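Coordinate inspection notes
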Amino acid sequence: MSAAVRTVRAAGGGRSVCVQWEDGSESSYPSVWLRDSCQCPLCFLPSAGARRLRLEDLDVDIVAKQVALADGKKISITWPDEHTSEYEAEWLKKRCFSEEARAEMRVDLFLPELQYWGSDLQLPKIPFEEIMYNDESAYRWLCTLKKVGIVLLTGAATGQGELIRLGHRIGFLRLTFYGPTWQVQDKADANNVAYTTERLCFHTDYPALQHPPGVQFLHCIKQTAAGGESEVVDGFHVCNKLKKQNPEAYQILSSTAVDYTDVGVDYCDFAVHCKQRIIEVTPRHRHRLANSQMPGNVHVYIMPRRAEKVRPFYAALKEFNDLLNSTEHKFTFKMKPGDVLTFDNWRVLHGRQGYPSCPEVTRHLEGAYADWDVVLSRLQLLRKRVLKRD
């Protein structure tokens, strides 16, 4: 993408500025946006990366009084009040209003590419200590986590505390009512089905929260000899299948709000309630999933607005659940002590096969959460460092 400027001129009576680039392309910038984006010390605070210009001081009908080009690399604009703004050509080119440039910026900022999978998943694996101390490995881990939704880190120590270290590597962990980390093992008087030896159906964690955790970590400290296999499924992939196979069922699950509650005592006493759709569709037609099955202490109340809507909702949910559990879609594996499973809690549904109950603890996982904001922040910082990009 060439950022050398051939010509620059005011257009539309000065309400926009048109730039013709050396590669033959052309960009048009609204004058009000250019004035708001002035990078001079009076209008912009570089140390904070934030504007100083107040909205009440911005004239939305402003026009460019004079436009000039310096060395093909910098554009200067004089405004009616004689204030002057300068813009580097490369800075402007990156912020072109064309759909192509906007798409490129979205890729840079949000890494929207997804790789869907089913039972044929080649589970990505990276050594735990490698991502702790090597930026390139950490960058590869987080890129893969964003794209595939799941990565297995191998070779961690087999004791509690490794997830705290992992949290420090990305920034910090998400504190919830179950603590900064939590122990998944068979417990007497369990306050969650996960803390038993029973089979766990496919689910995402914590739909009872207004903002469920985006990423989950599970560290295997001890593994039972019989049973206890982990099961995962790409919920986004299954959503696409459901939408194609039964559009009506997809529409029901993406439009019906379900009540979730979680009440109990752990890190502290709690009573939370939230409405979530089983399938949340974002403005860009991406998905985010809540549970199709409710584990543990999370209760669900199916309350469509009218009684005649109840059975169709259950039929849609059952069809979605059948797809999740089909041999075509679910991937089954057994974690070993030292494995740390990292996955997208808004995308990947997880479960567990049951295992024999014993007087002593035979299976022990430590779990933790992180928010996508924290993970993506670390990903962007690593990207700049590894790729040496601004």
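Residues numbered from 1 in each chain as written. Predicted model: local features only at pLDDT ≥ 70, side-chain atom pairs only at ≥ 80, totals over all residues. Heavy atoms only, no water.

**Re unusual backbone geometry**
Counted only if it meets this: Every helix listed is a DSSP run of H or I at least four residues long, and every strand listed is a run of E at least two residues long, numbered separately from the N terminus.
One non-glycine residue, Glu82, lies in the positive phi region at around 75 degrees. By the element assignment, Glu82 lies in the loop between strand S7 (74-78) and strand S8 (84-88).

**Focus: the nonpolar core**
Cut-off, in case you're wondering: As used here, the term nonpolar core means buried Ala, Val, Leu, Ile, Met, Phe, Trp, Tyr and Cys residues forming a set that is joined through side-chain atoms within 4.5 Å. Relative accessibility under 20% of the residue-type maximum defines a buried residue, over 50% an exposed one, and the middle range a partly exposed one, all with a 1.4 Å probe and only protein chains included.
Among the nonpolar cores identified, the biggest contains 51 residues, and Ile150, Leu253, Ile278 and Phe320 are the most heavily contacted of them. Among the elements that make up this core, the one with the highest residue count is helix H9 (residues 310-324) (six residues). Formed by 29 residues, the second largest nonpolar core is a distinct cluster that contains Val151, Ile170, Val340 and Trp372.

**Re the sheet that holds strand S9 (residues 125-127)**
Our working definition: A strand pair is defined by DSSP finding two or more bridges across the two strands. In this analysis, axes come from line fits to C-alpha atoms, helices being fitted only over the stretch in contact, and the angle between any two N-to-C directions falls in the range 0 to 180 degrees. Whether two residues are in contact is decided by their heavy atoms: any pair within 4.5 Å suffices.
Taken in spatial order, the six strands line up as S9-S10-S21-S13-S23-S11 in an open sheet, and their pairing is mixed. The strands lining the two open edges of the sheet, one partner per strand, are S9 and strand S11 (182-184). The mean angle between the axes of side-by-side strands here comes to 25 degrees, regardless of whether they run parallel or antiparallel. The sheet strands contacting helix H5 (residues 135-148) are S9, strand S10 (150-154), strand S13 (215-222) and strand S21 (340-344), and the helix crosses S10 at an angle near 145 degrees.

**A short note on the domain arrangement of the protein chain**
Test applied: As used throughout, domain bounds are those supplied by an automatic or database domain assignment.
Segmentation of the protein chain into domains returns domain 1 (5-98) and domain 2 (125-387). The distance between the C-alpha centroids of domain 1 and domain 2 comes to 46 Å.

**Notes on the environment of Lys275**
Test applied: Distance and chemistry together define a polar contact, namely a pair of N or O atoms within 3.5 Å, with one atom able to donate a hydrogen and the other to accept it when in protein, and with adjacent residues in sequence counting only for side-chain atoms on both sides.
Within the fold, Lys275 resides in strand S16 (residues 269-277). When near neighbours in sequence (up to four residues on either side) are disregarded, Lys275 contacts Ala257, Val258 and Asp259. Among the polar contacts made by the side chain of Lys275, one reaches the side chain of Asp259 at a distance of 3.1 Å.

**Focus on the environment of Phe177**
Here Phe177 lies in the loop between helix H6 (162-170) and S11. Residues Phe177 and Tyr267 lie 90 residues apart in sequence; the distance between their C-alpha atoms is 5.3 Å.

**Re the sheet that holds S7**
To summarise the sheet geometry, strands pair through backbone hydrogen bonds and adopt either a parallel or an antiparallel arrangement. What the three strands build is an open sheet, ordered S6-S7-S8; its pairing is antiparallel. Whereas interior strands pair on both sides, the edge strands pair on one side only; in this sheet they are strand S6 (66-70) and S8. If you compare each strand with its neighbour and ignore which way they point, the axes differ by 20 degrees on average. As judged from the five bridges shared by S6 and S7, these two strands associate in the antiparallel manner. The residue bridging Gln66 from the neighbouring strand is Thr78, located in S7.

**Topic: the pairing of S10**
Most of S10 is tucked away, with four of its five residues classed as buried. As judged from the three bridges shared by S9 and S10, these two strands associate in the parallel manner. Residue pairing in the sheet places Pro127 in a bridge with Thr154 of S10. Where S10 and S21 come together, four bridges link them in antiparallel fashion. Counterpart to Leu153 in the pairing with S21 is Val340.

**Here we look at the packing of helix H7 (residues 235-245) against H9**
As a reminder of what qualifies: Oblique is the label for every angle not falling under 35 degrees (roughly parallel), over 145 degrees (roughly antiparallel), or within 65 to 115 degrees (roughly perpendicular). A clockwise turn of the near helix away from the far one marks a right-handed crossing, whereas an anticlockwise turn of less than a right angle marks a left-handed crossing. Nonpolar residues are Ala, Val, Leu, Ile, Met, Phe, Trp, Tyr, Cys and Pro. Charged residues are Asp, Glu, Lys and Arg, and all others, Gly as well, are polar.
At a closest axis distance of 10 Å, the pairing of H7 and H9 adopts a crossing angle of 130 degrees. Comparing their axes, H9 and H7 come out oblique. Every pair of crossing elements has a handedness; the one defined by H7 and H9 is right-handed. Between H7 and H9, the residues in contact are Val238, Cys239, Leu242 and Gln245 and Glu319, Phe320, Leu323 and Leu324, respectively. When grouped by side-chain class, the residues that make up the contact of H7 with H9 number six nonpolar, one polar and one charged.

**Re the packing of aromatic side chains**
Using the following cut-off: Note on aromatic pairs: the rings of Phe, Tyr and Trp (six-membered ring only in Trp) are paired at centre separations within 6.5 Å, and the planes decide the class, stacked below 30 degrees, edge-to-face beyond 60, tilted for the rest.
Applying the stated criterion to the full structure yields 13 aromatic pairs. Ring geometry for Tyr206 against Tyr369: centres 6.2 Å apart, planes inclined by 55 degrees, an arrangement best described as tilted. Of this pair, Tyr206 sits in the loop between strand S12 (200-203) and S13 while Tyr369 sits in strand S23 (residues 364-370), and the two are 163 residues apart along the sequence. Judged by relative accessible area, Tyr206 falls into the buried class, the value being 5%. An aromatic cluster of three or more residues is present, and its members are Phe177, Tyr178, Trp182, Tyr206, Phe270 and Tyr369.

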